[in-house]
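What follows is the residue order along each chain.
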Amino acid sequence: MIYYTNGVCSKEIYIELERDTIKEVEFKAGCPGNLIGISQLVKGMKVQEAIKRLKGIKCGTKNTSCPDQLALALESMK
């Protein structure tokens, strides 16, 4: 699935699930080191656990962040 982000530097997130487990995550644009790190950390994680950990994280004065956008994307896939 491709999720188009809102309010962050990253423009889209590619997500592949295997049942209720995150198989692959790839962010397009944004801060490469941080986003590659997030992608590696959530790989193999249960969807609900990733949502619980990432939802609501803000980036500076923004009301959202790339991790929050990932949580929203995962929620939309349920």
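Predicted, not measured: the structure shown is a model, and the values here were computed from it. (Residues numbered from 1 in each chain as written. Predicted model: local features only at pLDDT ≥ 70, side-chain atom pairs only at ≥ 80, totals over all residues. Heavy atoms only, no water.)

1. What to know about the layout of surface pockets
Logical step 1: In this model, the largest pocket occupies a volume close to 160 Å³.
Logical step 2: Forming the boundary of the largest pocket are Val-8, Cys-9, Gly-30, Cys-31, Asn-34, Leu-35, Ile-38, Cys-59, Lys-62, Ser-65, Cys-66 and Pro-67.
Logical step 3: Mapped by element, the contributors of at least two residues to the lining of the largest pocket are α1 (32-42) and α3 (66-77).
Logical step 4: Take the lining of the largest pocket: its biggest share by element is three residues, from α1.
Logical step 5: Its residues assigned to classes, the lining of the largest pocket shows eight nonpolar, three polar and one charged. (1 Å grid on protein atoms, 1.4 Å probe; cavity = no way out; pocket = protein on both sides within 12 Å on 5 of 7 lines; lining within 4 Å. Points joined across faces, edges and corners; volume = space filled by probe spheres on them. Helix = DSSP H or I, 4+ residues; strand = E, 2+ residues; numbered from the N terminus. Nonpolar A, V, L, I, M, F, W, Y, C, P; charged D, E, K, R; others polar.)

2. What to know about α3
Logical step 1: Taking 1.5 Å per residue as the helical rise, α3 with its 12 residues ought to reach 16 Å, and the 17 Å between its terminal C-alpha atoms agrees with that figure.
Logical step 2: Residues of α3 that are buried: Cys-66, Pro-67, Asp-68, Gln-69, Leu-70, Ala-71, Ala-73 and Leu-74.
Logical step 3: Contacts from the buried residues of α3 go to β1 (2-4), β2 (12-18), β3 (21-28), α1 and α2 (47-54).
Logical step 4: Two or three places before Asp-68, at the start of α3, stands the capping residue Ser-65, its side-chain oxygen 3.1 Å from that residue's backbone nitrogen. (Expected span 1.5 Å × (residues − 1). Buried < 20%, exposed > 50% of the residue type's maximum accessible area, 1.4 Å probe, protein only. Contact = heavy atoms within 4.5 Å. Polar contact = N/O pair within 3.5 Å; in protein donor to acceptor, adjacent residues only side chain to side chain.)

3. Details of the nonpolar core
Logical step 1: Core analysis: the largest hydrophobic core is formed by 20 residues, its most contacted members being Ile-13, Ile-22, Val-25, Phe-27, Val-42, Leu-70 and Leu-74.
Logical step 2: It is α3 that contributes the most residues to this core, five residues altogether.
Logical step 3: Setting aside chain neighbours within four positions, we find Ile-13 in contact with Met-1, Ile-2, Tyr-3, Thr-5, Val-25, Glu-26, Phe-27, Cys-66, Gln-69 and Leu-70. (Core = buried A, V, L, I, M, F, W, Y, C linked by side-chain atoms within 4.5 Å.)

Bear in mind that shape data such as this cannot, by itself, settle questions of function.
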